[in-house]
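# Observations on chain architecture
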Amino acid sequence: MIKLIAFDLDETLLCSDKSISKENKAALHKAKEKGIKIVPASGRGPCMLQDIYDALDIYEQGQYSILCNGGCIVDNYTNEVLICHTINDSMIIPLIEFGLKKDLNIQIFTCDHIYCYNTDEEEKEVIHLISKGHPDYPIFKEDLDFTYLKDIQVIKMLYQKKDMNYLQSLKKELDWTSSFISISYSSNRYLELNPLHIDKGKGLEDLVSLLSMDIKDTLAIGDSYNDYEMIEKAGIGAVVNNGIDKCKAIADYISPFDHNHNGVREILEKFIL
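Per-chain numbering applies: the sequence of each chain, read as written, is numbered from 1 onward. In keeping with the predicted nature of the model, local features appear solely for residues at pLDDT of at least 70, side-chain atom pairs appear and are counted solely at 80 or more, and the whole-chain, interface and lining totals rest on all residues. The basis for every side-chain value is the complete set of non-hydrogen atoms in the structure, without hydrogens or water.

The next point concerns the sheet that holds strand β3 (residues 64-67). If you trace the 3 strands from one edge of the open sheet to the other, you get β3-β4-β5, paired in antiparallel fashion. Of all the strands in the sheet, the pair left with one neighbour each is β3 and β5 (81-84). Shown here is a sheet whose adjacent strand axes are inclined to one another by a mean of 15°, direction ignored. By definition, two strands form a pair when at least two bridges between them are found by DSSP. Only DSSP runs of H or I with at least four residues qualify as helices, and only runs of E with at least two residues qualify as strands; both kinds are numbered from the N terminus onward. Orientation is described by lines fitted to C-alpha atoms, with helices fitted over the stretch in contact, and by angles between N-to-C directions that extend from 0 to 180 degrees.

Written as structure tokens, this is what we have:
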């Protein structure tokens, strides 16, 4: 029996314009009414999902999110970080310097802020859009003074460039990070850097352990590289039709509908409603 649904946001639940369709919203509300946990599983950081919580009516006690690609588990109501995995402090500055050398947009996620380097106007708009409930959450850095890093814990970093082939080509050049960092990709524009062995699958394991549940009683829905482990580990792993072939290859179910045509609703109707 499904007791928890973990779902990716961008290119899965959200349409291309970042909205949630009324059909997807209604299906998730019905699942919640059945007592099923409704869990966003996103690369986004804390304080970046207030509009999602409001739309899905999960800004309340007993509701949780898997954020930063499994780097942290958050209580939706209090915004308290219940479980947190962090990147080794010694890796942060070298990773920033590598990204600057490659002329990439760099984003550093903590519990309280995103610190951004080399950010173009288009990416600034994206960041402001998804953190609109907390306009002071992103901090755009114009200098290379890294002294602030000694006082923070970094949950996730990412490099952004609208060229996925180029981002994937950088993996060989990042071999020096392989004993500290897990690499994945998302939204056809991000190279994601998490602590070693941390991903959405590990986040799902952490949450079900916290809730004393069995992972067999979970349904995970996603589309991209950073959803792979979650889809693989869930009791049922499902992919919307626009998902990548790698995820489709291990999915238990592939929806005939994409993120712009209520793929999430169709999956919930098949397995829950």
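On we go.
Within the largest apolar cluster, 42 residues are counted, with the highest numbers of intra-cluster contacts made by I5, F7, L13, L219, I221 and L268. Throughout, a residue-residue contact means that at least one pair of heavy atoms, one from each residue, lies within 4.5 Å. In contact with I221, other than residues within four places in its own chain, are I5, A6, F7, D8, T12, M230, A238, V240, V264, I267 and L268. Residues enter a nonpolar core if they are buried and are Ala, Val, Leu, Ile, Met, Phe, Trp, Tyr or Cys, with the set joined through side-chain atoms within 4.5 Å. Summary of the burial criterion: residues with accessible area below 20% of their type's maximum are buried, those above 50% are exposed, and those between are partly exposed, where the area comes from a 1.4 Å probe applied to protein chains only.

By disulfide we mean two sulfur atoms from cysteines, separated by a distance within 2.5 Å. Within the structure shown, the criterion is met by 0 disulfides. Counting only cysteine sulfurs, C111 is the nearest neighbor of C84, a cysteine outside any disulfide, at a range of 4.6 Å. Between C116, a cysteine without a disulfide, and C68, which holds the nearest cysteine sulfur, the sulfur-to-sulfur distance is 13 Å. Accessibility expressed as a relative area gives 1% for C116, which makes it buried.

Within strand β10 (residues 181-186), 6 of the 6 residues are buried, leaving the element largely enclosed by the surrounding structure. By the alternation rule, side chains of β10 split into I181, I183 and Y185 and S182, S184 and S186, which are all buried. In this sheet, strand β11 (residues 190-195) lies alongside β10 in antiparallel orientation, the contact comprising 6 bridges. Of the residues in β11, the one forming a bridge with Y185 is L191.

Moving on, we come to the packing of helix α2 (residues 22-33) against helix α10 (residues 263-271). One way to put it is that α2 packs onto α10 with a least axis distance of 8 Å and a crossing angle of 30°. The orientation of α2 with respect to α10, classified from their angle, is roughly parallel. In this structure, α2 meets α10 at a crossing whose hand is left-handed. Of the residues in α10, those in contact with E23, N24, A27 and L28 of α2 are G263, V264, R265 and L268. Any residue that is not Ala, Val, Leu, Ile, Met, Phe, Trp, Tyr, Cys, Pro, Asp, Glu, Lys or Arg is counted as polar, Gly included; the first ten are nonpolar and the last four charged. Of the residues assigned to the contact of α2 with α10, the class counts are 4 nonpolar, 2 polar and 2 charged. Angle categories: roughly parallel below 35 degrees, roughly antiparallel above 145, roughly perpendicular from 65 to 115, and oblique for all the rest. The sense of a crossing depends on the near helix, which, turned anticlockwise from the far helix by less than a right angle, makes the crossing left-handed and, turned clockwise, makes it right-handed.

Read across the open sheet, the 6 strands follow the order β8-β7-β6-β9-β11-β10; overall the sheet is mixed. Among the strands making up the open sheet, the edge pair consists of β8 (138-141) and β10. Taken pair by pair, the neighbouring strands of this sheet meet at an average axis angle of 20°, ignoring direction. Pairing of strand β6 (residues 105-109) with strand β9 (residues 156-160), which is carried by 5 bridges, proceeds in the antiparallel orientation. Looking across to β9, one finds that F109 is bridged to K156. Running at roughly 5° to β9, helix α4 (residues 89-101) makes contact with β6, β7 (114-117), β9, β10 and β11 of the sheet.

With that settled, consider the pattern of salt bridges. The salt bridge definition used is simple: a Lys or Arg side-chain nitrogen within 4 Å of an Asp or Glu carboxyl oxygen. Per the stated rule, a full pass over the model turns up 16 salt bridges. Put simply, K3 and D217 hold a salt bridge, and the shortest N to O gap is 4.0 Å. With K3 in the segment before β1 (4-7) and D217 in the loop between α7 (200-210) and β12 (218-222), this residue pair connects regions lying 214 residues apart in the sequence. Exposure remark for K3: the relative accessible area of 39% places this residue in the partly exposed category. The class for D217 is buried, based on a relative accessible area of 16%. One salt bridge connects D227 with K200, and the closest N-O pair in it is separated by 2.6 Å. Note that D227 is positioned in the loop between β12 and α8 (228-233) and K200 in helix α7, a separation of 27 residues in sequence. The class of K200 is buried, set by a relative accessible area of 0%.

Read these as spatial facts, not as claims about activity.
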